[in-house]
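Overview (structure and organization)
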Amino acid sequence: MIYKKQNFPEIKVIQVVLILFLCTACKNSNQKTIEAAGLKNVSEFPIGTAVNINRLINDDRLMALQVSNFNSITATNDMKMQSILPAENQFNWKKADTILSFANKHNQRVFGHNLIWHSSTPKWVEEKGAKDSLWLDTFMKEYIHKYVGRYKGKVAGWDVVNEAFESSGDAYRKTFWYNNLGKEYIANAFRYAHEADPDAVLFYNDFNIERDTTKLHALLKMVDEFKAKGVPISGIGFQMNIRMDIPDEIIAYSLKKAAETGLQIHLSEVDIIFNTHNDERLGGIENYSVLTDEMKQAQGEKYKNLIKMYKEIVPKKQQFGITLWDFTDRDTWIIGFFNMKDWPSIYDDKLQPKPAYFGFLEGLKD
Ligand code: XIL
């Protein structure tokens, strides 16, 4: 018997309801499968993300994604000097302690970012230090001793000094620290951190070293000098806030040169950006104002290639891990910092996985 559809409208309704139900069930189960796969579960090295701890613990969905994908955690801002010691003698350990207890509960490694960075030096330190460099060196020593000592054995590694070279080229950045203590402040920071926790992995961390070979070679020269003088550096952190148009060949070259030092290699702040910022706050050109499917796919490929290069070029025993800087397009620092649209993360602004997520996953599995 052949039914004429219009005679049985209720069948049509049932069909639509069924299809809708199946679609939702299918989407949920896809989502669950993805989350069950979790990046950390298919990786031989730690996979981390930087987070704002208060935002994380107050957002169930974000937290579920964080816990299922990552086994290493870094604070975006909460462990910088500006947060830890905003005023003289007023240590503020609260958020760092919260990160540690969160990490402990969820079996995650804590990575300390950072000890010395010109961009996060409190005003009061600058004012006092500019008048008295002896005080400044003693302050740096005591700060590092107290901070690293407090988390001895609990924080696995530290970005001891962040961004001590200019954005491009081979010159040391003329920061407050450099101007008052000379370049020796870098070596001393490593010495002080090592004194406070001899087992912590101690990193020098910077950006553009995957694309600017002059800057990379200046950093490698510093590493050689450190080794010759017995300065306890144990890792190089590539921030790796890369752009879609940075050639993979240059990234591969830089990783290889850095790995030849024998130090630990951390991709410490990964995101893959479309627009062209100029490394300065609020600076750059917004070429892209809409994210197309094609761009999403290309970004997925770029994530995959990056992970594969890390796995293939960096020897296993030097693979400290890969850390994303925020992991959703909703929370990414890129948009606010450079004041332009972008979609650099593996989850979109609705917290759904992007092709970037699957590219990352494939890169790990390959
Ligand atoms: C960023 C934070 O994510 C922002 O919230 C803040 O406004 C500026 O700092 N390189 C680093 C990180 O080493 O500390 C920076 O974090 C991003 C660039």
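Just above, that's the structure.
My aim in this report is to walk through the structure given alongside it, one point at a time. Given the structure is predicted, the values throughout are model-derived calculations rather than measurements. (Residues numbered from 1 in each chain as written. Predicted model: local features only at pLDDT ≥ 70, side-chain atom pairs only at ≥ 80, totals over all residues. Heavy atoms only, no water.)

A closer look at the site of the ligand
- The ligand sits among N77, K80, H113, W117, N162, E163, Q239, E269, W325, W333 and F337.
- Contact distances for the ligand include 2.8 Å between an oxygen atom and a side-chain N or O atom of K80.
- Here the ligand loses 83% of its free accessible area of 410 Å² to cover by the protein chains.
- Using a 2 Å cut-off from the grid points, one finds that the ligand occupies the largest pocket.
- Broken down by secondary-structure element, the contributors of at least two residues to the shell around the ligand are β3 (109–117) and α13 (333–338).
- Taken together, the residues that form the shell around the ligand break down as four nonpolar, four polar and three charged. (Near = heavy atom within 4 Å. Polar contact = N/O pair within 3.5 Å; in protein donor to acceptor, adjacent residues only side chain to side chain. Areas by Shrake-Rupley, 256 points an atom, 1.4 Å probe, with all protein chains shown as cover. 1 Å grid on protein atoms, 1.4 Å probe; cavity = no way out; pocket = protein on both sides within 12 Å on 5 of 7 lines; lining within 4 Å. Sits in = over half its atoms within 2 Å of the grid points. Helix = DSSP H or I, 4+ residues; strand = E, 2+ residues; numbered from the N terminus. Nonpolar A, V, L, I, M, F, W, Y, C, P; charged D, E, K, R; others polar.)

Comments concerning the pattern of salt bridges
- Taken as a whole and assessed by the stated rule, the structure comprises 22 salt bridges.
- With its nearest N and O atoms 3.9 Å apart, the salt bridge here joins K95 to D78. Highlighted residues: K95 in helix α5 (residues 94–105) and D78 in the loop between β2 (72–75) and α4 (81–84), separated in sequence by 17 residues.
- By relative accessible area, K95 is classed as partly exposed at 35%.
- Measuring nitrogen to oxygen at the nearest pair gives 2.9 Å for the salt bridge that ties K302 to D248. Of this pair, K302 sits in helix α12 (residues 293–313) while D248 sits in helix α11 (residues 248–259), and the two are 54 residues apart along the sequence. Each member of the pair K302 and D248 is classed as buried.
- One continuous salt-bridge network, built from bridges that share partners, spans R55, D59, R330 and D331. (Salt bridge = Lys/Arg side-chain N within 4 Å of Asp/Glu carboxyl O. Buried < 20%, exposed > 50% of the residue type's maximum accessible area, 1.4 Å probe, protein only.)

A closer look at the layout of surface pockets
- Of the volumes computed, that of the largest pocket is approximately 700 Å³.
- If you go around the largest pocket, you meet 33 residues; those closest to its centre are W117, E163, R281, W333 and F337.
- Contributions of two or more residues to the lining of the largest pocket are made by β3, β8 (264–273) and α13.
- For the lining of the largest pocket, the residue count by class is eight nonpolar, 13 polar and twelve charged.
- The space that makes up the second largest pocket amounts to roughly 170 Å³.
- Lining the second largest pocket are L85, E88, N89, F91, W124, W135, F139, E142, Y143 and K146.
- The biggest single contributor to the lining of the second largest pocket is helix α7 (residues 133–150), with five residues.
- Of the residues belonging to the lining of the second largest pocket, the class tally is six nonpolar, one polar and three charged. (Points joined across faces, edges and corners; volume = space filled by probe spheres on them.)

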